[in-house]
Structure formats: structure tokens, C-alpha cells
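# Survey of secondary and tertiary structure
Below, each chain spelled out in residue letters.
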Amino acid sequence: MSSSSSTVASTTITMPQLGRTPPTLSYFCVYNPSLAQSEENTKDQILYYTAKKVVPADVKMKQVGLAQALVNFSSAFSPSHPAQNVHSQKNRLVFYQPEPGFWLHMCIELGVLRKQVKDNKGKEKLVTEYLDSQLNDRAIESVLKLGYEQFKLLNGMMTSILDILDRRVLMHRIEEFFSEWIWQWDFDRLDQMIFSGVFNGVPTIRYKDDTKRLKILDQSLQEEYGVAHVMILDEKRDLVYRSNTLSMVDVRALRRYVCQMQENHQGATEQDKPTSSSSASSVKKDKFSGFKSFTRTLSNTHILDYFSSSSNTKDKKTDDSSGTEEEGIDEEQQQEQEQNQQSDASSSEEQLAESVHGEFHEIVRLYLSSRSELAMEEQELLEEYLLVLYKHKSNLIWSFLIPSFADGADEFISSPTALTELENHLTNHNLDTIATSLKEDKDTKQDKGLSLGKHFRCFYYDNATLNMRSTLLEQRKDSFTISNDMFLQLLDLKNDFETLPNTTEVYTRSTGNYWIAGQRVYNKHGRKQERRRSQTNGDATSDHQEPPTEDEEDEIVTERKRSPDDYTEMYLVAAKKDTSLADVEETIRKMSVSLVDLCM
Amino acid sequence: MQEPILIQQSDSTTLSDQTSLTGAASSSYESSYSSNSNMSEQVKNYNKLRRQGSRSSVLVEAGKKRINGTTESGMSSWVQHKKHFFILSSAGKPVWTRYGDESRISSLMGVIQAIISFFQDSGDTIKSINAGNHKFVFVHKEPLYYVAVSKTGESDVQLRDQLLYLHNQIISVLTSAQLTRIFEQRVNFDLRRLLGGTEVFLDSLATLFNKDHSFMLSALQVLRLNKSVREQVGSIISNGRVKDLLYAMIVANGRLVTLLRPRRHSLHPSDLHLLFNMLTGSTTFHTAESWTPLCLPKFNSKGFLHAYICYIAKDVSIVMISTDKDRFFELSEWKSSITETMKKKEVLDHITEASDQLYTTETVGAPGLLHFLYKSKIHVQFTCPGFTGPYIEDMNQKRLYKLYQHVYDRMHCRARPLKLYYHDSEQEIILGWITSSFELYVVFKHGTSKPNIISSANQLLRWIKKNEDSLFILDSPVF
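All values reported here derive from a predicted model rather than from experimental measurement.

### Description of the UniProt feature "domain: FUZ/MON1/HPS1 third Longin" (unreviewed entry) in chain B
The UniProt record marks residues 368-468 of chain B with the feature "domain: FUZ/MON1/HPS1 third Longin" (unreviewed entry), using the residue numbering of this structure. Taken end to end, residues 368-468 of chain B is 36% helix and 34% strand, and its two terminal C-alpha atoms sit 22 Å from one another.

Below you can see the structure in the form of C-alpha cells.
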């Protein structure tokens, strides 16, 4: 990483305010050099520009011009990977080219520390330190990647919009998405950037019998309603189920979007709640433009019609759902809020009380790389889907993806009874039973936990399945909190794994006496062995788990071919002073054992 | 008898005499580093290419193409070198490039200059660019810009330090005072004329950065030598000291044997590294006595000293630094008497022997131990064994070198320094361990358990402690 901050005499400082100023976004832009046909219309290449301060047009052009100069200069030596970031004394420039020719580019003003120091003559002077080392390149780059991921989910590829529609539409869509999105990031909050950007994973719980039952349900939905893919999240936004046809990359983008929707939904009823949240899965509140694009094609009143009718729908099985059941919901609701660190618990109680089974959200148009059966060979890279989002009373969140070009798609949207029928279909297929069983299974797994005692925190990430588990952000009174320096040190380890070939283990002890250790394991031989272990453990501790059948086992092994991207990473943070190298090694061993129980 | 080569440098030593900066200095340097002072541009270019070819990081084929002058393909292979260094003036004029010919990269230098000044215009300074595996590092030392373009995996800090060494090398030829004055008078000055011939030292420095850990550790590498032998050498060079002498030292193949210095002046490691680079960087010194003006930037960046350099045996040289430009003959005489005494007392043989046969990890006898670097923080010296086992192979040696660099950099990160760093890969395990008195980087066989590593490392520390007086120069002679 880069050298630490430099020290400059006070003469250049205009604001002699002592203390630390956090890093802030200076400007963000999206440009495509090929859009400027001639010297005269160079400004046409800027598709979007936003800045902290109002900036004259020529300054914008200068900034974009510099960005291009830097990219061109670096690509003379590194043609395949042009400039990703530029460190200067006061700023950090970041570049990301998600599609050929399209650049997301931002400039962050470095955090600053101003302090009074005595020089060697004993004279007081003001010293300004630019905190270059506090801003991790991998973390801030991940912010741009994440932004593009969500933009693409809601709008499709920039190239396609430009080709099929036109420049103005593209500019409008980019503005619609990024104008709020980019400003919500606090570049001081490493935790957010690490857990939603650097390790952009999907916490997954592996169920056995339940998955089989869900698969049958998924199949029937496909046959009867033309639902191409299904994704189910639980109340903690852990992945419960996905259709095999839905790629993990899509699950990742979709899950983030669904989480955001849920949060906005709650936020709508909780005014003035604190927006910052340290939850791994949540980013600060924002509004997605997808709604708007949808409402252009679908009448709002119709949707509202449905929601009112939904609450009146009768179903005998749940008619006897008593007050206790509802309390259960509220409890879960609260848990969820605690997890999200949103203290105000008076949530969407009223709404939930109205609906008996669950509730639907507005239908949204999305773009995924996963193919439906309707997809044609030479079709575009992305396929357009309608997302029907359903929150069951058990707090399972269902995402149904219907190809928007399917025969029944338009009818489905316009039919006033379609959603009711869908819900009935779920209920008829024993959704309630499955939900209860899932919850029981999860509780059993949760009991085992990943806790390694108050002196240790850990984090697990599987790059092949995108599964992740973390206790780094848990708030525990008896334990320590992970500091920004610890996060930075963890990212240094991540960098070691990425840059030094064949690195399998790195242990570090800081001068502040805490340990951060990491282990990367390449899955060269599938997971057969580990599954055997979990099998024996599972039998001993839980009645619900049955040993996997031979078929399942083979499926998993063949699914995971040997590849440089097929690895898992484990990180351990130990803040106890007298911890030895051997202690750390022993704890990592324990951690990997409990992970086998949890994730296999 | 060797014919002494005298470098006529009387003009440039007088700092006030500005006219000397042009002709005299450059031509005399050329005469000392090449046999033909009237050689044509073409021949010089060819020589440079040959020089570069021997340590080229791209295929030899590429170099051949360049000589033939095929610009397109030549340029593209030129780009592929693992680490470029560029020096340019703040007006954008090329001064030196590690690879290729300065005159052919002027447009690239123009771009670099434009980028740097763009940042300057907004009151900012560009420091580095990251692009895939490439790193671009910029250092501005008025009136010159130094740029590194590297895909070696070295960090910003390490590349920056290397650029500062290149800067110090330029200072050691010109002094900072001359350098500033030249560009004050003519912003557009072509500095290549003044460096005339000393580019070999920039070239060799650039190569040495990836061969010699002294730069990274900012410490001196010392030849392991029996304590009594070292003491004998020390007392020999303390005898019959010539007037105006500042330092005298014996160096064996880049490792210091002993150093005589004034009580009040110690020699900065960085200055010594530049000196050692001079010794190894040019073959001129191997064949004759040399007398050359030289600025030691950390000692005094504004003025010249005068160095007497002579090889007294294969790979063993004697270096004497004087403040007076007229001491050549006295120093030469003194050297002869020193050499004679050393031969008579057989210490010279001991030195050559120790230099030819470096100690190995076998001597330590710690299980699993493959290699190590140990720096004594108190003495600013370091020691390491010769390469054995897997590291006899060049490829493994290079990997080990990079690994040391990586660990060093991680542990010395200014924002997040580390006490301990343990790294396991499929090839080897390295443990970095820093305390208030030492830095240890120790390498073990892959598969060595952690408890065994700790006990072996402790065994190594005990061995170093026991052999401290032969591994390090604990007290050097002073006057």
C-alpha cells in the first residue's frame, strides 16, 4: 500500500481547525471518450457529473481530461489494466471501466489531521497530515463496482441502453441511480465497504430436507406461473434457497437490492431514524429508481387495489392464527432491527397485522445474466425479468423472477388476482410447514455458532459459493470492537493473498499487540472430505440432519472444479495481549471446525 | 605496475567557477569510464544497449530489434521491462532512462511532465498510480523529476526510496549546489552533457536495488571475518594516516571489512551504498588506481570530496576519502605500504578467503532453516548467509529476494507497523520478527511447524549472539 501521510507546513492551510476531518467525495462522473466525435463537442463524453461544490464546465472538462490522460499514460505500460487509482498528496482518484469505453471515475479528498506541534526551536506551528493510508484502494474501488452492479441490475448494460435507446435516456438513468447512491457512502466507514464491497458475499445457510421441498415448490411455480427463478432470504437476509438456474452473481446483486427494499420499506414507517448502520448487509438508506420505471408501465392504483384485497383474502388454515403468532412476528421484527442497529422498534407493525400470510411489494423490472428457458442463443448478455417480491409472515422473503417477454408476463401483471393465486399456491404447498421447519433447522445451527470466546473475532468467506460468516461486527459488551486499523490490517492480509502467489497463511502481530491472522485454502479436491466430517458431526448433534445421499455428494464435488478462484478465506482477530502464535493457530483450527458445522 | 589514471577535475571542484560546468567536466568523466573519449554517438548508444542487454528483463531478441531501429516493435518490447526508471528535468527534458535511449523517449517525458504539473497547478502533488500489476511512482526533487514504472511488486515506499538513491547519485556527481544553479540559469538545460559517463552508476544502482538488501535495510553488509583478523586490518590502516584524510576503508565484494573514521563523523549508510555502487558499477576501478571528485550527499550535499580507489586483490578494494584534491600521490603511497603489510601478515589472504567462501545456514545448525537476514539496529549492520539449497537456483533466489522485500515493507508500513509477520506459501515459510535491538527475517522449509520455527529462530539468535564479533564490526578504528 502507499506510504503514509506527508507533513506540510501550515502556510498552505486556509482553515486552521485542529483535529481530524474525514475523507469526502470531491466529485464523481461517468464518461465515455468515444461519445465525443470531434474537438468541439468533447463535453458530450460526460454522461454524468456530480461534485461537492458547484463546478464550472471547463473545470469538469479538465478533470475528465486529466482522468483520460492518466489512463492513457498508464495503459502505455499496462495495456490490459490501465489506471485503477492515483494517489496524490491530498486526493485519491479512482477509475473503473465496467464496460468497454465507459468509465466510472471519482475523486476523494483525503482525510486530514491538523495538529499543533512544537518545532525544534520550541515554536508552535500547525501541521497538516493527509491520511492517505486510511483510505484503502481495494475498499473504495469496491464502492464503484457495487454501484455498477446495482445500476446494471435495475437498468441493464450501459452499452445496450445507448444502442437501443439513446444517450439522453442513458444519462437520465445514470443520474437517477447515482445521484443519491454515490453520496450515501461514508469513506471513513471501512466496515461497510469491506462487508458489502471487498467481500461481496451472500451469507448462506445450507438446509437439506427443506431444500428438497423448496425445489419441488420451485418446480411447480415454474410450470404453473412461468416463474423462471426463485430466491428466498430469511429474516436475517441469509440465503435460504435459490433456483439452480439463478447464478450466484445474480443472487448477490438481487439480494442486495431486496435488502435495500426491505430497509426502505421499514424506513418509510420509521421517520428520522439514524441512517447509518453497521450491519454487514446494509448500506445507508437510498431510493431506487426501479420503482419509477415500473410505474410508467403499471398503474399504481391497480397495485394498491391488490394490496387492499390481499388483506381481505381468507384462508382457513391461518384463520386461527392467534395473537401469539403475531407476537412472534413482532419479535422477529425486533431482532431484525437490533441486527440492523435501528433502535426504534415501532416498525411496520400495523401493516403486518393486516396481512395474514404475507405481503407483496411493487413489481420491478430487472436485468440478470441468468437465463430463463425463453432465452435465445444469440440474445443480449442480460435478460429482462419482472421481480415479484413477497414477504411471508414467517419473514421469509421470496423473490420470483418472471421473464418479461414471457407470454403470460403482461397478463400476470395486469391480472388483479394473479398475486392472490400465487400466494394461495404457496400456501397450498405447505409453505407454513416448510417455514417452521426451516426455522427449527436454523436454530439448531445457530446454537453451535461461530463464537470463539471474547478475545477472538473471526470472518469467513468462500469465493466459490460467495458464502460468508462474520463475528467481526457483533456488538458484545464483554468483547472488544474492531477498530479501523484492524480492518485496514485485515485488508493488508487480503492483499497478500491476492498479490503473492500461493500464499496460504499469514499471521501478523501489530505493535499494538493485536493479532490478525488469515488462511486461504484452495479447494483442490472438491469438498468430499469436509462433508464426511460434517456428516458425523451432524449425526451426533442434530436429529434434523440426515447424511447426504450419494447423489448430493457427487453433485457438490463436480460443481466445484479445481480453479484459482475456488478458495475460502478465514480471518481471525485476537486482541488479547499475551496471545501466542500457537494460540492463534489453535483458534483458527477451532474456527474451521465450527465452520464445517455451520456452512456445510 | 599499474598506470595511475588521473582524472583532471580541477575546474569543476571550484564551486564558484561556473564555466567549468559545461565542457571540462563531462569530457573528463568520459575518459575515465571509456577508453575512447572521442567515440561517436552511435558507438555510445551501442555500448549502452550492450550494457543494458546484459541485465535486460525482456528477451534478448527485443534488444536486437532495437538496435536495428524498428521503432514499433522495439517500443513495445521496451515497454515490457519489469522496472523502468526515468529522470527528467522539470522542463520535461529527458536526463536518464534505465532502458533505451533518452532521446527517443522525449514525448513520453513530455506527458509525464504535463501530468506532474497538472497536479502542481492545483496545489497538489502526484505520488503514485496503480494499474493492474504496474505501479508508477513520482518523486520531485527540484529541479528534477524521478519516475519509476514497475511491475516487480515493490511498494510505493520502496520505489520512492530507490528514486531517492538515484537522486543522491546525481548529487554525488554534481552536488546539489551545482544542480540548482544550472537550472536557475537555464531551465531548458540538457543535463546529459554534464553527467557524461556517470550514467553507468545510475545503471548499476538500478540493478543493485534488486540484488542487494543493503538499500532496503538501510544498513551495511559486513564481511564475516575472524575478530583478530579484522582487528589487525584495523590497526594496519590506522597507521601512517595521510593528512586531510576523512575516511579509509577496505571493502570485499560489496561487504565492509573495516572502516577508519574521525571520532566525530560516522559515515551514513546511504553514502556508503553509493560508494560501494561505484566500486562494483564500473570495471574502470579494477584495472588502475583512480582519483575522482565525489560528493557524499548525506555528509555534505553542497561540496566535493575526493576519493582514491584501488583494488588490492581480486574483489578487495581500498577506498580513501580526502578533503584535499591534491593528495593523490600521498594516498597512493600509503596504499602501497598498507597492502604490503597486509600481505606480509597474511590478512589479505584471510579476507579473500572469507569473501570467496561465505558462511552458510549449515554452520548455524538450526533445523529447517533455509536462509535469513539479521540486522543489528544498534550497529546499523546486517548479515546474511550465502545461498544454499533451493536458493542456488536463480529463480528461487529471485523469489526469495521479493519475499524479503514484501515482508520488510509490510512490517515497516508507517501507518500500521508490525512486530511479527508470518507468511506461508507452497515454497517456503518466512517469519519476520522486529524488536528494539534487531530485525530478523528467517526462512524455513515449507511444512515446518510453528513451534519448530520459533525454537529454530531462537537457536539462530543464540548463534548470532555467540558469533557477534565476527559477524559485525563492533568497534571500528577512529582518529
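Having seen it, we continue.
### With respect to the domain arrangement of chain B
All names here are of chain B. Considered domain by domain, chain B is made up of domain 1 (41-213), domain 2 (225-356) and domain 3 (361-471). For domain 2 versus domain 3, the distance between C-alpha centres works out to 30 Å. On the domain 3 side, the residues contacting the 5 residues of domain 2 number 4 residues. If you sort the residues of domain 2 by the area they bury against domain 3, Leu 225, Lys 227 and Arg 230 come out on top, with a joint share of 68%. Our count for the contact surface shared by domain 2 and domain 3 stands at 0 salt bridges. For the pair domain 2 and domain 3, the number of links is 2 residue pairs in polar contact (both at pLDDT 80 or more). Within the side of domain 2 that touches domain 3, the residues separate by chemical class into 2 nonpolar, 1 polar and 2 charged.

### So, the sheet that holds strand β6 (residues 144-150) of chain B
Taken in spatial order, the 10 strands line up as β4(A)-β3(A)-β7(A)-β6(A)-β5(A)-β4(B)-β5(B)-β6(B)-β2(B)-β3(B) in an open sheet, and their pairing is antiparallel. Looking at the sheet topology across the chains shown, the edges are occupied by β4 (46-51) of chain A together with β3 (94-97) of chain B. Within this sheet the neighbouring strands show an average axis-to-axis angle of 15°, counted without direction. The pairing of strand β2 (residues 83-89) of chain B with β6 of chain B spans 7 bridges and is antiparallel. Within the sheet, the bridge partner assigned to Phe 86 of chain B lies in β6 of chain B and is Val 147 of chain B.

### A look at the side chain of Ser 78 of chain A
Structurally, Ser 78 of chain A is set in the loop between α1 (57-77) and β5 (85-88). A polar contact is formed between the side chain of Ser 78 of chain A and the backbone oxygen of Ala 131 of chain B, at a distance of 3.4 Å. Not counting residues up to four positions away in its chain, the partners in contact with Ser 78 of chain A are Ala 131 and His 134 of chain B.

### Points about the packing of aromatic side chains
Following the criterion strictly, the structure yields 40 aromatic pairs over all chains and no others. An angle of 70° between the planes, with centres 6.0 Å apart, marks the rings of Tyr 522 of chain A and Tyr 567 of chain A as edge-to-face. Here the residue Tyr 522 of chain A occupies a position in strand β19 (residues 515-522), and Tyr 567 of chain A occupies one in strand β21 (residues 567-574), the gap between them amounting to 45 residues. Judged by its relative accessible area of 23%, Tyr 522 of chain A falls in the partly exposed class. For the ring pair Tyr 308 of chain B and Phe 328 of chain B, a centre distance of 5.7 Å and an interplane angle of 50° mean the geometry is tilted. Of the two residues, Tyr 308 of chain B is situated in strand β11 (residues 305-313) and Phe 328 of chain B in helix α16 (residues 328-344); the sequence distance between them amounts to 20 residues. The class of Phe 328 of chain B is buried, set by a relative accessible area of 4%. Here the basic side chain of Arg 520 of chain A rests over the ring of Tyr 567 of chain A, its NZ or CZ set 3.6 Å away from the ring centre.

### Considerations on unusual backbone geometry
Here Glu 142 of chain B and Pro 143 of chain B are connected by a cis peptide whose omega angle stands at 5°. Position of Pro 143 of chain B among the secondary structure elements: in the loop between β5 (134-141) and β6. The backbone phi angle of Asn 395 of chain A is positive, close to 75°, even though this residue is not glycine. Its relative accessible area of 1% is what places Asn 395 of chain A among the buried residues. Positive phi values are uncommon outside glycine, yet Thr 175 of chain B reaches one of about 70°.

### Some details on the domain arrangement of chain A
Accessible area lost upon the coming together of the parts is a frequently used measure of interface size. Residues and elements named next belong to chain A. Split by domain assignment, chain A resolves into domain 1 (18-198), domain 2 (208-269 + 284-317 + 349-438) and domain 3 (451-535 + 557-599). Each of domain 1 and domain 3 has a C-alpha centre, and these two points are 31 Å apart. Taken residue by residue, the interface counts 11 residues in domain 1 and 13 residues in domain 3. Both faces considered, domain 1 and domain 3 share a buried interface measuring about 1100 Å² in area, 69% of it formed by carbon and sulfur atoms. Summed over the shared surface of domain 1 and domain 3, the result is 0 salt bridges.

### Comments concerning the interface of chain A and chain B
Contacts between the two partners involve 52 residues from chain A and, on the opposite side, 47 residues from chain B. Both faces considered, chain A and chain B share a buried interface measuring about 4400 Å² in area, 59% of it formed by carbon and sulfur atoms. Where chain A touches chain B, the interface holds 5 salt bridges. Arg 416 of chain B is the salt-bridge partner of Asp 492 of chain A, the closest N and O atoms lying 3.0 Å from each other. Joining chain A to chain B, the criterion identifies 29 residue pairs in polar contact (both at pLDDT 80 or more). Breaking the side of chain A that touches chain B down by element, the ones donating at least two residues are α1, β5, β6 (91-99), α16 (484-499), β18 (503-510) and α19 (581-599) of chain A. Looking at side-chain class alone, the side of chain A that touches chain B contains 19 nonpolar, 23 polar and 10 charged residues.

### Here we look at the UniProt feature "domain: FUZ/MON1/HPS1 second Longin" (unreviewed entry) in chain B
The residues that UniProt annotates with the feature "domain: FUZ/MON1/HPS1 second Longin" (unreviewed entry) are residues 243-339 of chain B. Helix and strand shares over residues 243-339 of chain B are 34% and 36% respectively, and the end C-alpha atoms of the span are 19 Å apart.

### With respect to helix α6 (residues 106-121) of chain B
Given a rise of 1.5 Å per residue, 16 residues ought to cover 22 Å, and the 22 Å separating the end C-alpha atoms of α6 of chain B matches this to within 8%. Once α6 of chain B finishes, Gly 123 of chain B follows within two positions and takes phi at roughly 70°, a positive value.

How each quantity is defined
Residues numbered from 1 in each chain as written. Chains lettered and ligands numbered in written order. Predicted model: local features only at pLDDT ≥ 70, side-chain atom pairs only at ≥ 80, totals over all residues. Heavy atoms only, no water. UniProt positions renumbered as here; feature names shortened; annotations may be inferred. Helix = DSSP H or I, 4+ residues; strand = E, 2+ residues; numbered from the N terminus. Domains from an automatic or database assignment. Contact = heavy atoms within 4.5 Å. Buried area = accessible area lost by both parts, 1.4 Å probe. Salt bridge = Lys/Arg side-chain N within 4 Å of Asp/Glu carboxyl O. Polar contact = N/O pair within 3.5 Å; in protein donor to acceptor, adjacent residues only side chain to side chain. Nonpolar A, V, L, I, M, F, W, Y, C, P; charged D, E, K, R; others polar. Pairing = 2+ DSSP bridges. Axes fitted to C-alpha atoms, helices over the stretch in contact; angles between N-to-C directions. Phe/Tyr/Trp six-rings, centres within 6.5 Å; stacked < 30°, edge-to-face > 60°. Buried < 20%, exposed > 50% of the residue type's maximum accessible area, 1.4 Å probe, protein only. Lys NZ or Arg CZ within 6 Å of the ring centre and 35° of its normal. Expected span 1.5 Å × (residues − 1).

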